[in-house]
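Breakdown of the fold
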Amino acid sequence: MIEITDALEITTEHTETHFPITVDGKVITAKEGELVLDAVLRCTEIPHVCYHSPLMGPIQTCDTCLVEVNGELIRSCGHTVTENMKIVASSKRAQDARSEAFDVILGNHMLYCTVCDNNKENCTVHNVTLALDVQHQERPYKPKPYEVDMSNPFYRYDPDQCILCGRCVQACQNVQVNETLSIGWELEHPRVLWDGGQQIGGSSCVSCGHCITVCPCNALMEKSMLGEAGYLSSMPKEALDKMIDVVKAIEPEMGYGAIMQVSQTEAKMREDRIKQTKTVCTYCGVGCSYDVWTKDRKILKIEPLHGEANQISTCVKGKFGWDFVNHKDRLQKPLLREGNGFREASWEEALSFVTSKLGKIKQQYGPDSIGVIVSSKATNEDGFLMQKFARAVIGTNNVDNCSRYCQSPATMGLFRTVGYGGDSGSIEDIEKSALVLVVGSNTTESHPVLATRVKRAHKLFGQKLIVADPREHEMASRADIHFRPRPGTDLVWLCAMSRYMFDNGFAKLDFISQWVNNLSEYRKSLEPFTMEYASQICGVPLETLETIAHTIGSAESMCILWAMGITQHTMASDSSTAISNLLLTTGNYMRPGCGAFPLRGHNNVQGASDVGAMPNNYPGYQDVADASIRERYEKAWKTSLSHDHGMDNHQMVDAVYDGKLRAIYLAGEDMISADSNANHVAGAFEKLELFVVQDIFFTETCRYADVILPAAPALEKEGTFTSTERRIQRLYQALPELGESRADWKITQEIANRMGAGWNYEHPSEIMDELASLSPLYAGVSFDRLAGYKSLQWPVAPDGTDQPVLYLEGFDFPDKKARFHPVAFREPLERPDADFDLFLNNGRLLEHFHEGNMTHRVAGIYEETPERYLEISEELAKEREIESGRWVRVTSRHGSLVIKVVVTSRVIGKQVYLPLLSQEGPVNVLTGSHTDDATNTPAFKETAVRIKVLPDQGTNPIKPLNFRYSGQPTPQNGVEVERKWKRSDYRMPGTQPLVQIHSQK
Ligand code: SF4
Ligand code: SF4
Ligand code: SF4
Ligand code: FES
């Protein structure tokens, strides 16, 4: 039992929201809405096996938290406090009832802790056994007549160990909201069910891991833990079974005390072999953080709990997508081109080659003949040093990052209207919002954990959800309204919404007159955008648009989420601007629970731009053309700096063709796969005099390199990432750098020093200190302030005060006022016609990250989704007389590829969808070079194609194990414990003789 500390403050405040209650005779102040359990736990420790956290809420299945109130036994997790409530937790009756309840639990769970891989002093069942000092079981353990389910590549379910607490169900139903799990309370032997009774593999389970994370014992476990965590657990099964039998045999005589002591000692010993390191996810921009458990280089499991963005949540990539770190394909030595191939080289040779070539090219053609491309997967510190290298060592502003391929237009829209290029609030604000409008974002697959918060608020708390997307993805299928604007026309309906607000009295005129400039020019620009016009251009029924407008106009608060469905069009910056204009029109800025949320794709794409990997900005979005800012940097870096805006990624490719760019130093970006018009990009790379690629794998892009430098992934380095909600978080080194690979900042420093820089950074914290000293946005950021799970959301003042919600006191312009920015519509540049009759859309898959360089090297993910495919509609399949698995040649105006089709109702008519997997060659051979005017972001999502049906019929590219194959979720509100209470063999402990659940009589 945990002792109550002296430090515990027990006050007796009485206000509207706080009032006195009594716990075991002690008067304390309780807060309205507080659970009785939480109030009791402030005074004394009692078990609470099924209750996990406020996010999960009360589950009420275990009965181990019983206390007396007014002489009655109640589940303390299932009730909230009332004024003057008298709670008795320490009475014999309450204690006996709790012990009785736990005895029932042990009837469902065999205690073989010493040989159990879950036993590292964090197993709830183990800990409660100790806390209650259980010596013997009244109700003997009885196995259930079910097999262990090993059919999922990542985790197993052992029904014999399952205590039926329902935590997993609650997590799956109400936190992850995948709605796969339930408990078959009416079965003779209740158990957890996947899709009502399927095996796990092939069910709707998306392997997010929530259920495993919250399971209080070993019933659900990561396969990577099995036989690895314990000292004895790797024994052959027969030997293990024998040991378990011995333990059972001696238990009646010795009691659990001695047995548990042995297991406690063994659990303590595990601390020596298992290391727990806090890290931040290396995949998407949600910014999930968690502990990674490692044994030498083996990754045993990912344990989320304390992350501000995610708490217990992860998606399949964060939870299980780490095998790539130890994959045999990891680059471990520098490679130098030799003829048509590469040979291994020493660092000395490789770096000498790089620096002498760079030096010669700089001397011969000038600094602007060199370009530097920074990785948005690398840390802020890696990025900061690379842009400093470009500016202070090479002398050019030709520096960019891959936000050019996705996020620059969103940033532009926000720069124009509200000032800061980032989400205006936090994920918490999205949860709180009365209405969430999702535009061009497959949130469930691209930002999975953030999507869970929307799905949860929609399912449990009445949040309204509107989705605009040509494709019916999961979020669309859940929405109150899903509509499909004609691709490339979102600007029109967005502007029409704004006009409708003004015309129909929904516009927040008081807010606008106080806080927004440019109203009359803006209203004039809206004149063409009537609802009728929007209906005609976007192909959406007028009534649908009007319903949406009313919903937006009458919502108390609205968040708009958008992503690549908006930002990868020729109108990308203007459409993003239209979104922000609509938020201003409806007064949805300057308070919690509303605002603009451009969802950042890569883990550190926000950070890469923040730290100055942009051709026009120093760190913190400070213009390189501003003399006073430049002087500050020149003083700090002791060198003169270029005042010309540099070239972005896209311009760099064109400049190679023009002979202006001769060398590129690129880190952690598979540009051939990620940039549009792959053949055009490849042609440019072939022309370069020097192409240096720094990466962890040999990517498509590496084929064109002259030198390849082996870098280290996130788990092997220290640093910080900045997530979509502007949250800066620290990652710690969990593993040593593999082979001769090195952290990016170390490589850049080596190159810089060989070119005379004289840098002397010994730790990334020093790089952050320099960034903080030069960029007001990061002014108060330091590694100390980010220790452990602490995080800061920029802008961070010098005293460390951060801003989870932006613009609470005004917008980021000199007069503190936002600006309406008028926009106009023009048709997409590339459209279907008679030759190319289909519209090609593309995007990410949940289980793979982008082109799949990392996730294809994760065995379990590869098992479920090994190949790419093209989604076609049922109508098109019928018209062309083909079915899933048929090979087709897809041809655009820019290139072609051969691929299998999947027939699905997610897409309609002549729209086809291509997930971004490039293992068999870049999918971007199909996309063209046309871009958004303002940012040069390629219009990846404006491509017309045709398909030629090939003779071969293959197997369905979606494998039977994949959740898309035959999954059928079983939505219900949590665990539905009332069904348990209705069983004839159920009695509340302490009330009547208790019967263990084992049969339905
Ligand atoms: S989706 Fe699968 S892994 Fe995620 S909580 Fe549900 S059952 Fe567990
Ligand atoms: S599998 Fe689910 S119901 Fe069973 S013990 Fe684990 S969390 Fe509880
Ligand atoms: S990929 Fe994104 S949602 Fe998934 S765990 Fe990582 S940060 Fe979280
Ligand atoms: S913790 Fe209250 S019933 Fe389980």
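Residues numbered from 1 in each chain as written. Chains lettered and ligands numbered in written order. Predicted model: local features only at pLDDT ≥ 70, side-chain atom pairs only at ≥ 80, totals over all residues. Heavy atoms only, no water.

1. Describing the overall build of the protein chain
Counting secondary structure elements, the protein chain contains 33 helices and 37 strands. Projected onto the principal axes, the alpha-carbon positions of the protein chain cover approximately 85 × 70 × 65 Å. Within the protein chain, buried positions represent 64% of all 1001 residues. Long-range contacts, defined as pairs at least 24 residues apart, comprise 74% of the intrachain contacts of the protein chain with a sequence gap of at least 6. (Helix = DSSP H or I, 4+ residues; strand = E, 2+ residues; numbered from the N terminus. Buried < 20%, exposed > 50% of the residue type's maximum accessible area, 1.4 Å probe, protein only. Contact = heavy atoms within 4.5 Å.)

2. Observations concerning the site of ligand 1
In the vicinity of ligand 1, the contacting residues are Tyr155, Cys172, Asn178, Leu181, Trp194, Cys205, Val206, Ser207, Cys208, Gly209, His210 and Cys211. Partitioned by chemical class, the residues of the shell around ligand 1 number eight nonpolar, four polar and no charged. (Near = heavy atom within 4 Å. Nonpolar A, V, L, I, M, F, W, Y, C, P; charged D, E, K, R; others polar.)

3. So, the packing of aromatic side chains
The description of two aromatic rings rests on the distance between their centres and on the angle between their planes. Summed over the entire model, instances satisfying the criterion amount to 30 aromatic pairs. For the pair Tyr420 and Tyr807, a centre-to-centre distance of 6.0 Å together with 25° between the ring planes defines the contact as stacked. Placement of the pair is Tyr420 in the loop between helix H11 (408–417) and helix H12 (427–432) and Tyr807 in the loop between strand S30 (791–793) and strand S31 (818–819), with a sequence separation of 387 residues. Taking 6.4 Å as the distance between ring centres and 70° as the angle between the ring planes, the aromatic pair formed by Phe502 and Phe820 counts as edge-to-face. Of this pair, Phe502 sits in helix H16 (residues 490–503) while Phe820 sits in the loop between S31 and strand S32 (838–843), and the two are 318 residues apart along the sequence. Phe502 gets classed as buried once you look at its relative accessible area, which sits at 10%. (Phe/Tyr/Trp six-rings, centres within 6.5 Å; stacked < 30°, edge-to-face > 60°.)

4. A few points about the nonpolar core
Phe389, Trp493, Leu561, Tyr589 and Phe811 are the most contacted members of the largest nonpolar core, which has 212 residues in total. Not counting residues up to four positions away in its chain, the partners in contact with Trp493 are Leu437, Val439, Ala468, Phe483, Pro485, Ala534, Cys538 and Leu545. Val681, Ala682, Ala684 and Ile872 belong to the second largest nonpolar core, which has 51 residues in total. (Core = buried A, V, L, I, M, F, W, Y, C linked by side-chain atoms within 4.5 Å.)

5. Here's the deal with the site of ligand 3
Near ligand 3 you find Cys281, Tyr283, Cys284, Val286, Gly287, Cys288, Cys315, Lys317, Gly318, Pro448 and Val449, and these make up its full shell. Each residue belonging to the shell around ligand 3 can be placed in one class, and the counts come to eight nonpolar, two polar and one charged.

6. A short note on the sheet that holds strand S21 (residues 558–562)
Across the sheet, five strands lie side by side as S19-S18-S17-S21-S22; this open sheet has parallel pairing. Sheet topology places strand S19 (481–483) and strand S22 (595–598) at the edges, where each strand pairs with a single neighbour. Here the strands of the sheet are splayed against their neighbours by 15° on average, with no regard to which way each runs. As judged from the three bridges shared by strand S18 (residues 464–468) and S19, these two strands associate in the parallel manner. Residue pairing across strands places Val467 opposite His482, the latter belonging to S19. Its contacts with the sheet put helix H20 (residues 542–554) on strand S17 (435–439), S18, S19 and S21, and the angle it makes with S19 is roughly 135°. The sheet contacts of helix H22 (residues 572–585) involve S21 and S22, and relative to S21 the element is tilted by about 175°. (Pairing = 2+ DSSP bridges. Axes fitted to C-alpha atoms, helices over the stretch in contact; angles between N-to-C directions.)

7. A word on the confidence of the model for the protein chain
Summarising the model, the protein chain shows a mean pLDDT of 93, and 98% of its residues fall at 70 or more. Confidence over residues 1–10 falls short of pLDDT 50; this stretch has 13 contacts with residues more than four positions distant or in other chains. (pLDDT = per-residue confidence, 0-100.)

8. Remarks on the environment of Ala258
Mapped onto the secondary structure, Ala258 falls in helix H7 (residues 256–273). Exposure remark for Ala258: the relative accessible area of 29% places this residue in the partly exposed category.

9. A look at unusual backbone geometry
Cis geometry marks the peptide bond from Trp794 to Pro795; its omega dihedral reads 0°. By the element assignment, Pro795 lies in the loop between S30 and S31.

10. So, the environment of Arg742
With respect to the helices and strands, the residue Arg742 is situated in the loop between strand S29 (727–731) and helix H28 (744–754). What makes Arg742 partly exposed here is its relative accessible area of 22%. A sequence separation of 32 residues divides Arg742 from Pro710, and the C-alpha atoms of the two residues are 6.6 Å apart. Sequence-distant contacts of Arg742, that is, excluding residues within four places in its chain, are made with Trp347, Leu351, Pro710, Ala711, Ala712, Glu737, Ile747 and Glu750.

11. Quick look at a negative patch on the surface
Together, Glu762, Glu766, Asp769 and Asp784 line one region of the surface with negative charge. Residue placement: Asp769 occurs in helix H29 (residues 764–774). The class for Asp769 is partly exposed, based on a relative accessible area of 42%. (Patch = residues over 30% accessible without salt bridge, like charges linked within 9 Å, V, L, I, M, F, W, Y side chains within 5 Å. Areas by Shrake-Rupley, 256 points an atom, 1.4 Å probe, with all protein chains shown as cover. Salt bridge = Lys/Arg side-chain N within 4 Å of Asp/Glu carboxyl O. Lys, Arg positive; Asp, Glu negative; His and termini not counted. Charge placed at Lys NZ, Arg CZ, Asp CG, Glu CD.)

12. Re the side chain of Gln568
Its place among the elements puts Gln568 in the loop between helix H21 (564–567) and H22. Side chain to side chain, Gln568 and Lys941 meet in a polar contact 2.4 Å long. Ignoring any residue separated from it by four or fewer positions in sequence, one finds Gln568 in contact with Tyr405, Cys406, Asn842, Pro938, Ala939, Phe940, Lys941 and Glu942. (Polar contact = N/O pair within 3.5 Å; in protein donor to acceptor, adjacent residues only side chain to side chain.)

13. What to know about the side chain of Gln972
Along the chain, the position of Gln972 falls in the loop between helix H32 (963–966) and helix H33 (977–981). By relative accessible area, Gln972 is classed as buried at 12%. Leaving out residues up to four positions away in the same chain, Gln972 has contacts with Val169, Gln173, Asn174, Ser182, Lys459 and Arg979.

14. With respect to the packing of helix H6 (residues 237–254) against H7
Where H6 meets H7, the closest approach of the two axes is 7 Å, and the angle between their N-to-C directions is 130°. When the axis of H6 is compared with that of H7, the two are oblique. Across from Val247, Lys248, Ile250, Glu251 and Met254 in H6, the residues of H7 making contact are Tyr256, Ala258 and Ile259. Per-class residue counts for the contact of H6 with H7 are six nonpolar, no polar and two charged. (Parallel < 35°, antiparallel > 145°, perpendicular 65-115°, else oblique.)

15. Observations regarding the state of the cysteines
Counting across every chain of the model gives zero disulfides. Counting only cysteine sulfurs, Cys65 is the nearest neighbor of Cys43, a cysteine outside any disulfide, at a range of 15 Å. Given the relative accessible area of 3%, Cys43 is considered buried. (Disulfide = S-S within 2.5 Å.)

16. Focus: helix H24 (residues 627–637)
The set of residues buried in H24 consists of Ile629, Arg630, Tyr633 and Trp637. Along the axis of H24, the buried positions cluster into a sector of 95°, meaning they face one direction only. Exposed residues lying more than 90 degrees from the buried face of H24 are Glu631 and Lys635. Looking at the buried side of H24, the elements it contacts are helix H10 (380–394), strand S23 (617–618), strand S24 (622–623) and H29. Downstream of H24 by one or two residues, Lys638 has phi in the positive range, about 55°. (Arc of directions from axis to C-beta.)

17. Some words on the sheet that holds strand S10 (residues 275–280)
Reading across the sheet, the three strands line up as S10-S11-S12 and stay open at both edges, with antiparallel pairing between neighbours. Of all the strands in the sheet, the pair left with one neighbour each is S10 and strand S12 (298–303). On average, adjacent strands in this sheet sit at an angle of 30° to one another, irrespective of strand direction. Two strands pair when backbone bridges link them, and S10 and strand S11 (residues 289–295) are joined in this way by six bridges, in the antiparallel orientation. From the neighbouring strand, Gln276 faces S11, where its bridge partner is Trp293.

18. Quick look at the pattern of salt bridges
In total, this model carries 54 salt bridges according to the counting rule given. Of the charged contacts in the structure, one is a salt bridge between Glu266 and Arg270, with a shortest N-O distance of 2.8 Å. Here Arg270 and Glu266 lie together in helix H7, a separation of four residues that amounts to about one turn. A relative accessible area of 5% means that Glu266 is categorised as buried. Lys717 is paired through a salt bridge with Asp744; the nearest N and O atoms lie 2.7 Å apart. Note that Lys717 is positioned in the loop between strand S27 (707–710) and strand S28 (719–722) and Asp744 in helix H28, a separation of 27 residues in sequence. With a relative accessible area of 4%, Lys717 lands in the buried category. Take Asp744: its relative accessible area is 6%, and that puts it in the buried class. Overlapping salt bridges, with partners in common, bring together Glu179, Lys455, Lys459, Glu474 and Arg478 in one network.

19. Points about the packing of helix H19 (residues 531–538) against H20
A pair of packed helices is characterised by two quantities: the angle between their axes and the separation of those axes. The N-to-C vectors of H19 and H20 enclose an angle of 120°; their axes lie 9 Å apart at closest approach. Comparing the axis directions of H19 and H20 gives the class oblique. The handedness of the crossing between H19 and H20 is right-handed. Residues Met531, Glu532, Ala534 and Ser535 of H19 touch H20, and the partners they reach there are Leu542, Leu545, Glu546 and Ala549. Partitioning the contact of H19 with H20 into residue classes produces five nonpolar, one polar and two charged. (Left-handed = near helix turned anticlockwise from the far one by under 90°.)

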